[in-house]
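# Chains, contacts and geometry: an overview
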Amino acid sequence: MRMLDRLREIYSYKEMIRNLVKKELRGRYQSSVLGFLWTFLNPLFQIIIYTIVFSTIMRSGMEQFYLYLTVGMIPWMFFSSSVQGGAMCIVSQQDLVKKIYFPREVLPVSYVTSCFVNMLFCFVIVFLMLGISGKGVEPAAMLYLPAVMGVEYVLALGFAMLTCAFTVYFRDLEHILGVVLQAWIYLTPIMYPMEIVPDSMEAVFRANPMTAVIQAYHTILYDKQRPQLISLCGAFLTGIGLLAAGSVIFDKLQKGFAEEL
């Protein structure tokens, strides 16, 4: 009952969440000359760099590698920014936390939601590339895309709830996460298919919940097939577990937020 009451309270602050999401999206590139265009330029530049490295220098040999990379990289950037940026969402809003009462969970929810909306904008790049390449989309497979996005959102929010609560007490966590995410991207099949992963490393990759998520994106958009729901269910259950654990830990740690900030 306590959990349900908490959820109802958070939902009652939906207007605040909406305003924080708008503020985050507007303020992200507010002082830059190109402004909102950086929403598309940032992922595009990263995709170009990885494409040059893996197509020209390291020669992955994959057909339409740039497309395979784009389909995996856009969702990864959402997850990565949610985890690393979400870790600082309480600290960065410390004035708000100290001055007024509201459910503190509103902050990670609004931050991850702003990252999610940003990913939806970036999917313009994915669909443009699918159209330009001639690959197109499979309507039957596309029906599964919202479910995959939902699973990734739950995972990202679960990690953000955990990291933002701990970062209030241990600020070095922000920098540690930066290093962890640099390694994590290479333990996720974004730049290569699972088929080339050595047998000795397969268990590590399967234990990574983002493996199933990225594979689902590739299956839907690159292979134009329906994803395997069993592996996706595993990622969803992991996300629910993280979200539940994160909520409990967050609830215990938030009592000292004002004193620590």
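Look above for the structure.
Below: a short report on this structure. (Residues numbered from 1 in each chain as written. Predicted model: local features only at pLDDT ≥ 70, side-chain atom pairs only at ≥ 80, totals over all residues. Heavy atoms only, no water.)

### What about the overall build of the protein chain?
Basically, it comes down to this: Secondary structure elements are taken from DSSP: a helix is a run of H or I of four residues or more, a strand is a run of E of two residues or more, and numbering for both begins at the N terminus. The rule is simple: take the accessible area with a 1.4 Å probe, protein chains only, and divide by the maximum for that residue type; under 20% is buried, over 50% is exposed, in between is partly exposed. In this analysis, two residues are considered to be in contact whenever any of their non-hydrogen atoms come within 4.5 Å of each other. For every accessible area listed, the method is Shrake-Rupley and the probe measures 1.4 Å; residues are considered covered only by the protein chains on display.
Scanning the protein chain from terminus to terminus reveals 13 helices and zero strands. Taken across its 261 residues, the protein chain has 48% of its residues classed as buried. Long-range contacts, defined here as pairs at least 24 residues apart, represent 78% of the contacts in the protein chain between residues at least 6 apart. Accessible surface computed for the protein chain: about 13300 Å², of which carbon and sulfur atoms make up 64%.

### Here's the deal with the side chain of E152
This is how the line gets drawn: For the purposes of these results, a polar contact is taken to be a pair of N or O atoms within 3.5 Å, where, inside protein, one atom must be able to donate a hydrogen and its partner to accept one; residues adjacent in sequence count only when each atom of the pair is a side-chain atom.
Mapped onto the fold, E152 is located in helix α8 (residues 145–169). Accessibility expressed as a relative area gives 0% for E152, which makes it buried. One polar contact links E152 to Y217, side chain to side chain, over a distance of 2.8 Å. Discounting chain neighbours no more than four positions away, the residues touching E152 are P75, W76, F78, F79, M119, M210, V213 and Y217.

### As for a nonpolar patch on the surface
Cut-off, in case you're wondering: For patches, a residue must show more than 30% relative accessible area and have no salt bridge; joins then use 9 Å for like charges and 5 Å for nonpolar side chains, namely Val, Leu, Ile, Met, Phe, Trp and Tyr. Each reported salt bridge corresponds to a side-chain nitrogen of Lys or Arg within 4 Å of a carboxyl oxygen of Asp or Glu.
A cluster of nonpolar side chains, namely Y169, F170, I176 and V180, defines an oily patch on the protein surface of about 340 Å² accessible area. When you line up the elements, V180 lands in helix α9 (residues 173–184).

### A short note on helix α12 (residues 229–253)
Definition in use: Given the number of residues in a helix, its expected span is that number minus one, multiplied by 1.5 Å.
Taking 1.5 Å as the rise per residue, α12 with 25 residues should run 36 Å; its terminal C-alpha atoms sit 35 Å apart, in good agreement. Within the span of α12, buried status applies to L232, A235, G239, L242, G246, S247, F250 and D251.

### Re the pattern of salt bridges
Summed over the entire model, instances satisfying the criterion amount to two salt bridges. With a closest N to O distance of 3.6 Å, R206 and E202 form a salt bridge. With a gap of four residues between them, R206 and E202 both fall in helix α10 (residues 199–207), about one helical turn apart. The partly exposed category is assigned to R206, whose relative accessible area is 48%. Judged by its relative accessible area of 31%, E202 falls in the partly exposed class.

### Some details on unusual backbone geometry
Backbone geometry at K224 places phi at a positive 60°, although glycine is not the residue there. Mapped onto the elements, K224 comes out in the loop between α11 (209–222) and α12.

### What to know about the environment of M210
Its location among the elements puts M210 in helix α11. In sequence terms M210 and E152 are 58 residues apart; their C-alpha atoms lie 7.8 Å from each other. Setting aside anything within four residues of it in sequence, one finds M210 in contact with W76, F79, E152, L155, W184 and T188.

### Overview of the packing of α8 against α11
Rules: Fitted lines through C-alpha atoms serve as axes, helices being fitted only where they are in contact, and the angles separating the N-to-C directions of these axes extend from 0 to 180 degrees. Any angle that is under 35 degrees is reported as roughly parallel, and any over 145 degrees as roughly antiparallel; angles of 65 to 115 degrees are reported as roughly perpendicular and all others as oblique. Each crossing gets its handedness from the near helix: less than a right angle anticlockwise from the far helix is left-handed, clockwise is right-handed.
Where α8 contacts α11, the axes come no closer than 10 Å and their chain directions differ by 160°. Comparing the axis directions of α8 and α11 gives the class roughly antiparallel. Taken as a pair, α8 and α11 cross one another with a handedness that is left-handed. Together, L145, V148, M149, V151, E152 and L155 of α8 and P209, M210, V213, A216, Y217, I220 and L221 of α11 make up the contact between the two elements.

### With respect to the nonpolar core
Operational definition: Nine residue types can take part in a nonpolar core, namely buried Ala, Val, Leu, Ile, Met, Phe, Trp, Tyr and Cys, and a core is a set of them joined through side-chain atoms within 4.5 Å.
Formed by 82 residues in total, the largest nonpolar core has its most connected members in M73, W76, F79, I90, Y217 and L221. A total of 15 residues in this core trace back to one element, the largest contributor, which is α8.

### Re the packing of helix α4 (residues 65–86) against α11
We count it as follows: Side-chain classes follow a simple rule in which Ala, Val, Leu, Ile, Met, Phe, Trp, Tyr, Cys and Pro form the nonpolar group, Asp, Glu, Lys and Arg form the charged group, and the remainder, Gly included, forms the polar group.
In contact at an axis separation of 9 Å, α4 and α11 are set at 140° when each is read in the N-to-C sense. Between α4 and α11, the angle falls in the class oblique. Considering the relative orientation of α4 and α11, their crossing is right-handed. Contact residues: L67, Y68, V71, G72, P75, W76 and F79 in α4; M210, I214, Y217, H218, L221 and Y222 in α11. Residue composition of the contact of α4 with α11, by class: 11 nonpolar, two polar and no charged.

### Here's the deal with the environment of K14
Take K14: it is sitting in helix α2 (residues 14–27). With a relative accessible area of 39%, K14 lands in the partly exposed category. Along the chain, K14 and S110 lie 96 residues apart, while their C-alpha atoms are 9.3 Å from each other.

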